[in-house]
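# Chain and residue survey
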Amino acid sequence: MKKWLQENLVCPTCLPRHVSLDLEIREECGDDIIDGRLLCAACGTPYAIDKGVAVVVPAATQSAAAGTSEYNSQGMLSAYLWSHYSDLFNDPDATGAYRAWASLLKPSPGIALDIGCAVGRLSFEMSTTHRRVIGIDTSFSFIEKARNLLEQRRLCFDLIVEGLITEERACALSPAWNHERIDFIVADALALPFADHLFSTVSSINILEKVPDPLQHLREVNRVLAPEDGLLAFSDPFSWDASVTNPSLWIGGRPDGPFSGRGYDCMRRIFSGDAGVFTPSLHIMEGGAVPWKIRKTANLWEHITSHYLVGSR
Ligand SMILES: C[S@@+](CC[C@H](N)C(=O)[O-])C[C@H]1O[C@@H](n2cnc3c(N)ncnc32)[C@H](O)[C@@H]1O
C-alpha cells in the first residue's frame, strides 16, 4: 500500500462515522508499505497489509477477500488478465471494451475511484486523466496482481488453454500510464473505506449484479462522489443471479416490485433521482452499450453486452 493512501482512508466498520486509521509499518520499500497494519482507534479493528496489499474490509467481508471465492481462483485470474490486457499483446480476439469505458471519463484534477477494478485496466487508463486513482476489489488475488503490474510495469501470466495446460503471455504496459498516481486495495463496494465526497470520478463497471445488495452499492457511490462536478461512469450487463443477489433486491429483471422492468431503464430513473439514491441527482450525459468478452479457456468464452450510463452533477 502506498503511503499517500493512508490520509484517504476511514474505518469501514465505523461507517457512517468517519474515523481515520493509524498506520503501523513492519516492512517498507520506498513509498510502499509491504507488511504492517492499519488500526482503528475507535473500534480497535486491525486491517492487515500483507505482501503490499491492504485489506480494508469489515469482518463480514474478510472471507470473500481471502477465501476460495470464485474471483480468487487461478482460472478467473487468467480470464480477467486476458479480458483487460489482450489488446496489449495483440491477441486477434481482443476487444476495445476498457478503452471504450475509459473514453467516457473526463479529465479531472481530483481523485478517481474504480469500484470492482479486478486486475486494474480501467484504473491504469484513469491515471492519464486524474491526479490520483484508487482501484478497489474484494479479490485479494486480483489486487495482488494489479499491484504487481504497478511495480513491474510489465504483464506476464499463464493463460489457460485447457485444463492444466497453459501458455505464457507477456507484454509491456502502456508508457502513457502514470504508475505513481495509482494504488489498489482490497475493499468492499458496500462499505467503502473513504470519507464522503472524496472522489471527483467514480466508476462502477460490471459490478452491480455481483453484489448482494446493489442499492447499497449505489448509496455508497453517492456518498463518496463529489456533490459538485462529480462524474459517475456506470456499466452493467444486468445478468442477475439469485445465488449472488436475492431477487427481491435486484434492480430490474423482475415483472413486479419497486424496480420492475429492465435494469437499464431502472438505472436511468435512479440516476435522475428515483428512490432517493443520488442526492444531488445525476444528469445523464451519455448512454449506450459496450461489447465485452471474457475468455475462460481456448474453447469457452463469454460474450457480454454491458449497458452504460455516464452521469454528472
Ligand atoms: C464482473 S467482474 C468486473 C470487473 C471489472 N470491473 C471489469 O469490468 O472487468 C466483478 C468484480 O467485482 C468484484 N467484486 C464482487 N463483489 C465485490 C464487492 N462487494 N466489493 C468490491 N468488489 C467486488 C469481483 O471480485 C470482480 O473483480
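Quick notes on the rules
Residues numbered from 1 in each chain as written. Predicted model: local features only at pLDDT ≥ 70, side-chain atom pairs only at ≥ 80, totals over all residues. Heavy atoms only, no water. Buried < 20%, exposed > 50% of the residue type's maximum accessible area, 1.4 Å probe, protein only. Helix = DSSP H or I, 4+ residues; strand = E, 2+ residues; numbered from the N terminus. Pairing = 2+ DSSP bridges. Right-handed = clockwise from strand over helix to strand, strands pointing away. Salt bridge = Lys/Arg side-chain N within 4 Å of Asp/Glu carboxyl O. Domains from an automatic or database assignment. Contact = heavy atoms within 4.5 Å. Buried area = accessible area lost by both parts, 1.4 Å probe.

### What about the pairing of strand S11 (residues 231–236)?
Among the six residues that make up S11, six are buried, leaving the element largely enclosed by the rest of the structure. Neither face of S11 is left uncovered, since the one carrying Leu-231, Ala-233 and Ser-235 and the one carrying Leu-232, Phe-234 and Asp-236 both have all their residues buried. In the sheet, strand S10 (residues 201–205) pairs with S11 via five bridges, with the strands oriented parallel. Paired with Ile-205 across the two strands is Ser-235, which belongs to S11. Taken together, S10, helix H6 (residues 214–224) and S11 constitute a β-α-β crossover, and its handedness is right-handed.

### A word on the pattern of salt bridges
Under the counting rule described, the total for this entry stands at 17 salt bridges. With its nearest N and O atoms 3.1 Å apart, the salt bridge here joins Arg-147 to Asp-183. Of the two residues, Arg-147 sits in helix H5 (residues 140–152) while Asp-183 sits in strand S9 (residues 182–186), which places them 36 residues apart along the sequence. In this structure Arg-147 comes out as buried when scored by relative accessible area, which is 7%. Close ionic contact of Arg-169 with Glu-167 constitutes a salt bridge, the shortest N to O distance being 2.9 Å. Among the residues examined, Glu-167 registers a relative accessible area of 39% and is labelled partly exposed. Connected via shared salt-bridge partners are Asp-87, Arg-99, Arg-121 and Glu-125.

### Here we look at the domain arrangement of the protein
By the assigned domains, the protein splits into domain 1 (1–56) and domain 2 (58–312). Taken together, the contact between domain 1 and domain 2 spans 19 residues of the former and 29 residues of the latter. Buried area between domain 1 and domain 2, summed over both chains or domains, comes out near 1,900 Å², and the portion from carbon and sulfur atoms is 62%. At the boundary of domain 1 and domain 2, one finds two salt bridges. With a shortest N-O distance of 2.6 Å, Asp-32 and Arg-147 are connected by a salt bridge.

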